[in-house]
Every structure is written in C-alpha cells, then in structure tokens.
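Given next are the chains, with one letter for each unit.
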Amino acid sequence: MALIVQKYGGTSVGSPERIKNVASKVAKFRAEGHQVVVVVSAMSGETNRLIALAKDVAAKPDPRELDVVVSTGEQVTIGLLCMALQDIGVPAKSYTGAQVKILTDSAHTKARILNIDEAPIRKDLDAGAVVVVAGFQGVDEHGNITTLGRGGSDTTGVALAAALKADECQIYTDVDGVYTTDPRIVPEARKLDTITFEEMLEMASLGSKVLQIRSVEFAGKYKVKLRVLSSFQEGGQGTLITVEEDKNMEQPVISGIAFNRDEAKVTVLGVPDKPGIAYQILGPVADANLDVDMIIQNVGHDGTTDFSFTLARGDLEKAVAILEGVKTHIGARAIEGDKTMCKVSIVGVGMRSHPGVASKMFRTLAEEGINIQMISTSEIKISVAIDEKYLELAVRVLHKAFGLDQPV
Ligand code: ADP
Ligand code: ASP
Ligand code: MG
C-alpha cells in the first residue's frame with residue numbers, strides 16, 4: 001500500500017464532467033489499495049475571473065481581501081470533487097487550507113508555507129477516506145487567509161507530500177509530462193521521461209509554467225518523488241523529476257528551452273561613465289522592491305555610457321518613474337522604457353561538459369536576423385533578451401538546432 005498525493009490543475013477540473021473524470025481516477029487508485037490525498041486547483045479561468053472582479057471594484061485591491069476572494073475558487077472544487085467521489089461510493093472529506101491547517105507567513109498573494117498539520121489528514125486516511133485539500137491557499141498565524149502565488153497548487157501538493165512522507169507526488173495536468181519546450185509553441189517538442197531537479201528549477205524560474213518554481217524547490221529540499229502526468233490519458237509514466245543525472249546515459253547538451261514574455265527593458269541614456277553609477281541607478285530600484293533580472297552597461301565613449309536592465313513588465317512604469325525622479329541627480333540624458341521584450345533560455349546539465357554551446361545559440365539566432373539585446377549565463381543555462389516579436393521563431397530554430405526534436 002502506498003500513500004500518494006495527486007494534484008489536479010484547473011483544466012483537469014474545468015467542468016462537471018472533468019471533475020467526475022478525476023473522481024473515477026482517484027477511485028481507481030484507492031481500489032488498488034492506496035491511500036490518496038488529492039489537491040485541486042480552481043476550475044480553469046476562475047482565478048483570473050476573481051482577480052478581474054476585484055480590479056473592477058478597486059484600482060488597487062487590498063492584498064488581504066484579494067486573498068479572501070481568490071481563494072474561493074479552490075473551495076468550490078474541493079466540495080464538488082468530494083460530492084463526485086461520494087456519488088460513486090468513495091468516502092471523501094474536503095479541507096480548506098485553513099482547516100488543514102497549512103500555516104504560511106503573512107505575505108499576501110505570495111505567501112510561503114511554514115508548517116502543515118498532517119494529523120487530521122492521517123486520521124481520515126486511516127479511516128479509509130480520500131482527503132481532498134484546496135490548493136493555492138493557507139492561513140497565517142493571525143488566522144488571515146493567504147494565497148501562494150499563481151500556480152501555487154503545485155506547491156500545496158508537494159508540501160503535503162513532504163509533510164505526509166508520501167511515496168509519490170503526482171501533478172496531473174493537460175500535457176502528459178515535461179516537454180523539451182512548451183508544446184503549444186513547438187509541436188515537435190518531445191516529452192522527457194526524466195529531468196533533473198536542477199534543470200527543472202531553471203526551466204520553472206525561466207518561465208516554464210508547467211510547475212510552480214517553489215514546488216520544485218520544496219521537492220528538492222524534502223526529497224519528494226515528483227512526477228508530472230496527464231489527467232486525460234491512461235497509463236502513461238509522465239516525467240519523473242530526478243535527483244541526479246543518469247551517469248550511464250549519454251547526456252544531451254541541452255535538455256529544454258524556456259521562455260518568458262513578461263519582460264521589459266529600461267535604458268538610462270548618457271550617464272557619466274564613473275565608479276558608483278550602477279549603484280546610483282539600481283539602488284533606488286531595489287529600494288522600491290523591484291526585481292531586476294539582466295543588466296548591461298555599454299562601453300563608454302565621450303565619458304558617458306548607456307545602462308540597461310530588464311525586469312517584469314508590470315514593474316516597468318514604476319521603475320521609469322523612479323529613475324525620472326533621480327535623472328538629474330545621476331546626470332542622465334534620458335530614461336527609456338521598452339515593453340516588448342522577452343527572454344529565451346536554453347537549459348541543460350550537459351552544458352557543463354560541452355564547450356561551444358553559447359556560440360551555437362548566438363549563431364542560430366544571427367542566421368535568422370534576430371538581434372540579441374542582453375545575455376546572461378549560469379553553469380547550466382544561457383538566456384538572451386530579444387524583441388518579443390521573434391519569440392516563437394527563436395524557440396523553434398533553437399529547438400531544431402540543438403536536436404531537441406530528435407529521439408535520444
Ligand atoms: P495546470 O492548470 O494543470 O496547473 P498549467 O497551465 O499551469 O496547468 O501548466 C501546464 C501547461 O504548461 C501546459 O499546457 C503547457 O502549455 C505549459 N508548458 C510550458 N512549458 C512546458 C514544458 N516544458 N513542458 C510541458 N508543458 C509546458
Ligand atoms: N488557481 C490558482 C491559479 O490559477 C492556483 C493554481 O492553479 O495552481 O494560479
Ligand atoms: Mg499550474
């Protein structure tokens with residue numbers, strides 16, 4: 001007998017029929033003698049609808065009240081799934097995050113899980129019930145409802161698996177595993193049987209929304225066996241996230257390509273090329289809690305230089321306003337904002353042992369006339385910032401150039 005945590009995403013519970021489909025999948029696992037804890041997301045589109053509602057009544061919704069509103073999506077699906085399970089003769093009990101309880105810090109809309117009380121869940125499981133927990137939500141020490149950030153139900157699933165020492169955490173979604181890149185952009189993308197935690201962490205942080213980054217961090221830290229599978233397909237093995245690369249296997253140089261449309265660029269033109277200028281520009285930006293990603297300072301000429309950085313698109317206006325405020329003080333000629341950037345990244349542990357990966361990436365993009373505006377690298381990834389209009393082309397040509405469409 002195994003204890004399994006299964007998380008079903010929004011599309012998988014997007015209609016009454018789909019909720020019944022989830023119920024019958026869960027019933028099948030239980031009939032095989034396993035204990036099952038299920039985590040569900042809100043029905044697809046529901047969280048977006050709730051956020052839009054909040055924005056209809058207030059320009060800047062209060063974060064505490066926003067969490068009260070957006071957490072309701074998951075409360076609906078836990079109840080519906082339990083009813084569907086009971087309807088086919090499976091005892092089931094639902095819990096909201098506060099009922100479990102999933103204790104978080106108080107950072108509304110992006111809270112972190114601190115502790116989970118697994119005792120009530122264990123009791124229900126031992127009594128033969130399926131336990132259904134609301135994803136994406138928790139409660140802070142003062143009893144306020146919190147949410148874990150977009151895609152947070154993945155993290156609820158992994159955190160429960162860690163707390164219960166489950167044999168496996170299965171993430172059921174609308175694709176049958178982790179692919180070499182988003183199959184919606186590149187139809188030739190291949191499903192990976194395994195991917196290392198390290199690579200999955202990079203993919204998630206560079207924009208692959210198949211798993212929320214915190215869920216991957218959690219699984220790595222607490223050694224949770226994590227698998228991504230399709231809720232619409234029977235019998236597949238999905239993709240297993242593994243601790244180590246398989247030393248016996250020939251590693252591909254690149255395992256996957258991630259991309260992020262949500263990028264913007266700020267350029268500070270004509271600043272004096274002298275020590276301290278990077279600090280004078282980025283200091284006020286950091287003080288406003290804006291996360292800067294890539295940075296470039298051009299070679300100076302005539303004693304002045306241009307300084308650019310990227311950040312999330314939603315933060316662009318704020319960053320430009322801050323820099324307009326200090327423009328005279330730092331001696332800049334002008335501040336420019338560009339909303340049409342994106343970031344494309346190639347990821348692979350195989351990069352460590354293969355030189356020439358970066359030059360191949362740059363050559364491939366050059367052959368398509370795609371101008372690279374910024375570059376950043378780490379041991380297992382290379383990212384470029386390019387104009388958003390080239391995103392799909394760049395992903396497709398890189399996918400082909402690195403042979404990701406070929407079976408290994
Ligand atoms: P859920 O609602 O089940 O949580 P998500 O939409 O959050 O589902 O995540 C699944 C989606 O992630 C897929 O439909 C796919 O378009 C996208 N995706 C992005 N990158 C990848 C990738 N490398 N492999 C698989 N899916 C990916
Ligand atoms: N419903 C939440 C969202 O749409 C959480 C999740 O689906 O994981 O972001
Ligand atoms: Mg998701």
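Thresholds, definitions, all that
- Residues numbered from 1 in each chain as written.
- Chains lettered and ligands numbered in written order.
- Predicted model: local features only at pLDDT ≥ 70, side-chain atom pairs only at ≥ 80, totals over all residues.
- Heavy atoms only, no water.
- Near = heavy atom within 4 Å.
- Polar contact = N/O pair within 3.5 Å; in protein donor to acceptor, adjacent residues only side chain to side chain.
- Areas by Shrake-Rupley, 256 points an atom, 1.4 Å probe, with all protein chains shown as cover.
- Nonpolar A, V, L, I, M, F, W, Y, C, P; charged D, E, K, R; others polar.
- Axes fitted to C-alpha atoms, helices over the stretch in contact; angles between N-to-C directions.
- Helix = DSSP H or I, 4+ residues; strand = E, 2+ residues; numbered from the N terminus.
- Parallel < 35°, antiparallel > 145°, perpendicular 65-115°, else oblique.
- Left-handed = near helix turned anticlockwise from the far one by under 90°.
- Contact = heavy atoms within 4.5 Å.
- Pairing = 2+ DSSP bridges.
- Salt bridge = Lys/Arg side-chain N within 4 Å of Asp/Glu carboxyl O.
- Buried < 20%, exposed > 50% of the residue type's maximum accessible area, 1.4 Å probe, protein only.
- UniProt positions renumbered as here; feature names shortened; annotations may be inferred.
- Arc of directions from axis to C-beta.
- Core = buried A, V, L, I, M, F, W, Y, C linked by side-chain atoms within 4.5 Å.

Please explain the site of ligand 2 as it appears in this structure.
Taken together, Ser-41, Thr-47, Glu-74, Phe-136, Arg-150, Gly-151, Gly-152 and Ser-153 are the residues near ligand 2. One of the backbone N or O atoms of Gly-152 is found 3.4 Å from an oxygen atom in ligand 2. When ligand 2 sits alone it has 260 Å² of accessible area, and the protein chains cover 85% of it. Each residue belonging to the shell around ligand 2 can be placed in one class, and the counts come to one nonpolar, five polar and two charged.

Please explain the packing of helix α12 (residues 357-367) against helix α13 (residues 391-401) as it appears in this structure.
The description of two packed helices rests on the angle between their axes and on the distance between the axes. As a packed pair, α12 and α13 sit with axes 10 Å apart at the nearest point and diverge in direction by 130°. When the axes of α12 and α13 are compared, the pair comes out oblique. The interaxial crossing formed by α12 with α13 has right-handed handedness. Of the residues in α13, those touching α12 at Lys-360, Met-361, Thr-364 and Leu-365 are Ala-394, Val-397, Leu-398 and Ala-401. Partitioned by chemical class, the residues of the contact of α12 with α13 number six nonpolar, one polar and one charged.

I'm lost on the sheet that holds strand β12 (residues 239-242) in this one. Help?
The strands making up a sheet are joined through hydrogen bonds of the backbone, oriented either antiparallel or parallel. Read from one edge to the other, the open sheet built from eight strands follows the order β3-β6-β2-β1-β9-β11-β12-β10, with strand pairing classed as mixed. Where the open sheet ends on each side, the last strands, each with one partner, are β3 (92-95) and β10 (194-196). Neighbour-to-neighbour, the strand axes of this sheet turn through a mean angle of 20°, independent of strand direction. In this sheet, β12 lies alongside strand β11 (residues 226-230) in antiparallel orientation, the contact comprising three bridges. Within β12, the position partnered with Val-228 by the bridge is Thr-239. Where helix α1 (residues 16-31) meets the sheet, its contacts fall on β1 (3-8), β2 (35-40), β6 (130-134), β9 (168-173) and β11, and the angle it forms with β1 comes to roughly 170°. Packing of helix α8 (residues 197-205) onto the sheet brings it into contact with β10 and β12, and relative to β10 it is tilted by some 80°.

What is the right way to look at the environment of Gly-220 in this model?
Here Gly-220 shows up in helix α9 (residues 213-221). Each C-alpha atom, one on Gly-220 and one on Met-351, is 21 Å from the other, the two residues being 131 residues apart in sequence.

Help me understand the pattern of salt bridges, please; the structure alone is not making it clear to me.
Opposite charge on two side chains permits them to pair, given that their charged atoms come into close proximity. Within the structure shown, the criterion is met by 21 salt bridges. Note that Glu-263 is salt-bridged to Lys-343, the shortest N-O span being 3.9 Å. Placement of the pair is Glu-263 in strand β13 (residues 256-272) and Lys-343 in strand β16 (residues 334-347), with a sequence separation of 80 residues. As far as the burial class goes, Glu-263 and Lys-343 line up, both buried. Several salt bridges converge on common partners, so that one network encompasses Arg-261, Arg-313, Glu-388 and Glu-392.

In this structure, what is going on with the UniProt feature "domain: ACT" (unreviewed entry) in the chain? I would like to understand it.
According to UniProt, the positions carrying the feature "domain: ACT" (unreviewed entry) are residues 266-340 and 346-408. Counted over residues 266-340, helix gives 35% and strand 39%. Its end C-alpha atoms are 11 Å apart.

Got a minute to help me understand helix α3 (residues 63-70) in this structure?
Because an α-helix completes one turn every 3.6 residues, residues spaced three or four positions apart along the sequence face the same direction. Those residues of α3 lying buried are Leu-66, Asp-67 and Val-70. Seen along its axis, α3 keeps its buried residues to an arc of 100°; they face one direction. Tucked inside the fold, the buried residues of α3 contact α2 (46-57), α4 (72-87) and β8 (145-147).

Honestly, the environment of Pro-275 in this entry has me stumped. Any pointers?
You can see Pro-275 is positioned in the loop between β13 and α10 (277-287). The spatial distance from the C-alpha of Pro-275 to the C-alpha of Lys-110 is 36 Å, given a sequence separation of 165 residues.

When you look at the nonpolar core in this model, what are you seeing that I'm missing?
Grouped burial of nonpolar side chains is what soluble globular proteins tend to show. Core analysis: the largest hydrophobic core is formed by 42 residues, its most contacted members being Val-37, Ile-121 and Val-133. Looking at which element gives the most residues to this core, the answer is helix α7 (residues 153-163), with five residues. Those residues within four positions of Val-37 in sequence are excluded, and the remaining contacts are Leu-3, Ile-4, Val-5, Gln-6, Ile-121, Leu-125, Val-131, Val-133, Leu-160 and Leu-164. Grouped together as the second largest cluster of nonpolar side chains are 25 residues, Ala-27, Phe-29, Val-38 and Val-40 included.

How should I be thinking about the site of ligand 1 in this particular structure?
If you check the shell around ligand 1, you find 17 residues, and the closest are Thr-173, Asp-174, Tyr-179, Asp-182 and Arg-184. Within the contact set of ligand 1, an oxygen atom lies 2.7 Å away from a side-chain nitrogen or oxygen of Thr-173. Measuring from a nitrogen atom of ligand 1, one finds a backbone N or O atom of Tyr-179 at 2.8 Å. Protein chains shield 85% of the accessible area of ligand 1, which is 570 Å² for the free molecule. In terms of residue class, the shell around ligand 1 is built from six nonpolar, six polar and five charged.

Honestly, the packing of α3 against α4 in this entry has me stumped. Any pointers?
Where α3 meets α4, the axes come as close as 5 Å, and the angle between the chain directions of the two elements is 20°. With respect to each other, α3 and α4 are oriented roughly parallel. Counting all contacts with α3, which are made through Val-68, Val-69 and Val-70, the residues of α4 involved are Thr-72, Gly-73 and Glu-74. Across the contact of α3 with α4, the residue classes tally to three nonpolar, two polar and one charged.

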